[in-house]
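Residue-level structure breakdown
Take a look at the letters that make up each chain.
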Amino acid sequence: MDINEKSYAYGAAKSSIREIAAYGAARKAQIGAENVFDFSLGNPSVPAPDAVRKSILKNAELPPAQLHGYTPASGMPAAREAVANSLNRRFGTSYDPGDLYLTCGAAAAISITLNAIVNPGDEVIVIAPYFPEYRVWIETAGATCVEVMADATTFQADTEAVAKAITPKTKAVMIDSPNNPVGAVYTRQTLEALAQVLTTRGEELGHDIYLISDEPYREITYGAEVPWVPSLYDRTIVCYSYSKSLSLPGERIGWVLVPNTNPRHDELVYAVAGAGRKLGFVCAPALFQRVLIDCVDEPTNVEAYATNRKALTDGLSKLGYEYIEPDGAFYLWVKSLEPDAEAFFNKAKALEILPVPSNSFGCTGWVRLGYCVSLDTIQNSMPAWEKLRNQYK
Ligand code: PLP
C-alpha cells in the first residue's frame, strides 16, 4: 500500500460513537425522531448563550478583510488576553496572553500538547475508561498509550496504579475531570495524591512527568469542586474548549495553556507553537476568537443538564439499573445487565435506545448515556428501558 497505513487504519476503523450517532440519525429519518432514544453523542442540548449570537452579529459588521483575515498563529492578542484575564480572575493566577495558544477545540489543543512534549517511544498514561480519541492522538504523536484503570467503585484516578505504571519512558499522564465517560470529578485529595506520585517518580527517574489536564467539562458540575490543577502540580499543561461550556462544538474554539508556574515554561511555549506549526494547527477560527473577547465569562447553563440528570437517574434507579452518580459533565455510566456490553447495546438498540458500549472507552461491562438530550427523550425512553430490563428477568 502506498498511502499511510496507520492513517488508513484509523479512518477505516471509524469512531464507534460517531457510527452509533449516524445510525441514530438514519433511524430517526426512518421511524421519526420521537421514536429513537439517542444517547450516543456529547453534543450539547443547551443553546449557546444569546451573548454569542449578539457578538457574531456585531462582528459580522466589521470590514470583511479584517473579519476574515488571518490572525497570528497562536491567536489574536486581544482574545488571548481576554482568556488570560478570565483565568486570573477565577483562579487567582497571573497568566499572560503569551501563555495561551488558541486552537480548534480541545482535540487540537491535546494533539498540539502531545506533539510538543513526546518523543518517539515515550509513554503517555490515560485513566480508563477514557475518551477514545486519546489513543489516536497519543499514537499519532509517536507515543504509546498506556491504560491504567480508574478505581473500580469511585472511578477516581487510582494513583497507586498510576505509580506502578510509570516507567522511564513515561512522559505524561492525561486526565479529564469532570470526566467523559463516567461523570466523575477528581477530588482535591485525588489530584494532590497524583501530583505527589508524579513529583516523586519524576525525581527518581530524573525527568519531568507532565500532567495534561483536559478540561472541556470544567464548568459542568452539580456542586462538586473542580480544583485548578496547575496550582496542585506545576508541570501541568491545560487543554480547554468552549465546545461544552458555551455549546459551540461545531465552531472549533479552545486553547492550550502553559502556566507560567511550569518550570520549563519558556521552552514549552515554543514547543507548543512549533507543534501547532508542524500540524498545521494555526490561526483558530477568527470569528470565534472575537466571540471569546465578548463572551469568555458567559456562565454555562448547567440547570438543564441537572434536570436531565435527575430525570434519568430517578427513572433508571426505579427500574433497578445501577449507575455511577455523576458529579459533572453530562454522561451517565450505567452498568450493563450482562458482562458483554456490546451484547447489551444490541438489545438496547433493538428497542431504539442508543447508548455507547464501554468497550469504546477501554473497559467492559458498562454503557455511557449522554444526557445532553431533550428532557422528552429521557422521559419517553423509560418504557423502552423497562422492556430492556424485563428481558433479563
Ligand atoms: N476531550 C474530551 C474528554 C471530550 O469529551 C471531547 C469531546 O467530546 C474532547 C476532548 C474534544 O473536544 P472538542 O470538540 O472541543 O475538540
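Just so it is clear, the structure is predicted and the values come from calculations on it, not from any experiment.

**Quick look at the pattern of salt bridges**
Taken as a whole and judged by the stated rule, the model has 20 salt bridges. Across the salt bridge formed by Arg309 and Glu325, the nearest N and O atoms sit 3.7 Å from each other. In this pair, Arg309 sits in helix α12 (residues 303-318) while Glu325 sits in the loop between β9 (323-324) and β10 (331-335), placing the two residues 16 residues apart along the sequence. Accessibility expressed as a relative area gives 16% for Arg309, which makes it buried. Each of Asp208, Asp234, Arg235, Arg264 and Glu267 takes part in one network of salt bridges that share partners.

**Quick notes on the domain arrangement of the protein chain**
Domains assigned within the protein chain are domain 1 (5-49 + 300-390) and domain 2 (70-295). Look at where the C-alpha atoms of domain 1 and domain 2 centre, and you get two points 26 Å apart. Opposite the 30 residues of domain 1 that make contact, domain 2 presents 32 residues. Between domain 1 and domain 2, roughly 2500 Å² of surface is buried when both sides are summed, and carbon and sulfur atoms account for 64% of that area. Here domain 1 and domain 2 share 0 salt bridges between them.

**As for the nonpolar core**
With 35 residues, the main nonpolar core has Val162, Val173 and Leu198 as its most contacted residues. Here the element with the most residues in this core is helix α9 (residues 188-205); it accounts for 5 residues. Sequence-distant contacts of Leu198, defined by excluding residues within four places in its chain, comprise Ile166, Val173, Ile209, Leu211 and Tyr233. Among the nonpolar cores identified, the runner-up in size contains 31 residues, and Tyr305, Leu312, Leu332 and Phe344 belong to it.

**Re the site of the ligand**
By nearness alone, 14 residues border the ligand, and Asn180, Asp214, Tyr217, Ser243 and Arg252 come closest of all. At 2.7 Å, a side-chain N or O of Tyr217 approaches an oxygen atom of the ligand. Measuring from an oxygen atom of the ligand, one finds a side-chain N or O atom of Ser241 at 2.8 Å. Compared with its free state, where it exposes 390 Å², the ligand has 91% of that area covered by protein.

**Looking at the pairing of strand β3 (residues 123-128)**
For β3, the buried fraction is high: 6 of the 6 residues fall into the buried class. The side-chain alternation of β3 yields two buried faces, one formed by Glu123, Ile125 and Ile127 and the other by Val124, Val126 and Ala128. Where β3 lies against strand β4 (residues 144-149), 6 bridges are found, and the strand directions are parallel. Within β4, the position partnered with Ala128 by the bridge is Met149. Alignment of β3 against strand β5 (residues 170-176), held across 4 bridges, turns out to be parallel. Bridge assignment links Val126 to a residue of β5, and that residue is Met174.

**So, the environment of Leu41**
You can see Leu41 is positioned in the loop between β1 (37-38) and α3 (50-60). Under the relative-accessibility criterion, Leu41 is labelled partly exposed at 30%. In sequence terms Leu41 and Arg264 are 223 residues apart; their C-alpha atoms lie 37 Å from each other.

**Describing the packing of aromatic side chains**
Going through the model one piece at a time under the given rule, you end up with 18 aromatic pairs. For the ring pair Phe155 and Trp333, a centre distance of 6.4 Å and an interplane angle of 80° mean the geometry is edge-to-face. On the criterion of sequence distance, the pair formed by Phe155 in the loop between β4 and α8 (159-165) and Trp333 in strand β10 is long-range, its members being 178 residues apart. Seen in terms of ring centroids, Tyr217 and Tyr331 are 5.6 Å apart; in terms of plane orientation they differ by 80°. Their pairing is edge-to-face. Of this pair, Tyr217 sits in the loop between β6 (210-214) and β7 (236-241) while Tyr331 sits in strand β10, and the two are 114 residues apart along the sequence.

Thresholds applied
- Residues numbered from 1 in each chain as written.
- Predicted model: local features only at pLDDT ≥ 70, side-chain atom pairs only at ≥ 80, totals over all residues.
- Heavy atoms only, no water.
- Salt bridge = Lys/Arg side-chain N within 4 Å of Asp/Glu carboxyl O.
- Helix = DSSP H or I, 4+ residues; strand = E, 2+ residues; numbered from the N terminus.
- Buried < 20%, exposed > 50% of the residue type's maximum accessible area, 1.4 Å probe, protein only.
- Domains from an automatic or database assignment.
- Contact = heavy atoms within 4.5 Å.
- Buried area = accessible area lost by both parts, 1.4 Å probe.
- Core = buried A, V, L, I, M, F, W, Y, C linked by side-chain atoms within 4.5 Å.
- Near = heavy atom within 4 Å.
- Polar contact = N/O pair within 3.5 Å; in protein donor to acceptor, adjacent residues only side chain to side chain.
- Areas by Shrake-Rupley, 256 points an atom, 1.4 Å probe, with all protein chains shown as cover.
- Pairing = 2+ DSSP bridges.
- Phe/Tyr/Trp six-rings, centres within 6.5 Å; stacked < 30°, edge-to-face > 60°.

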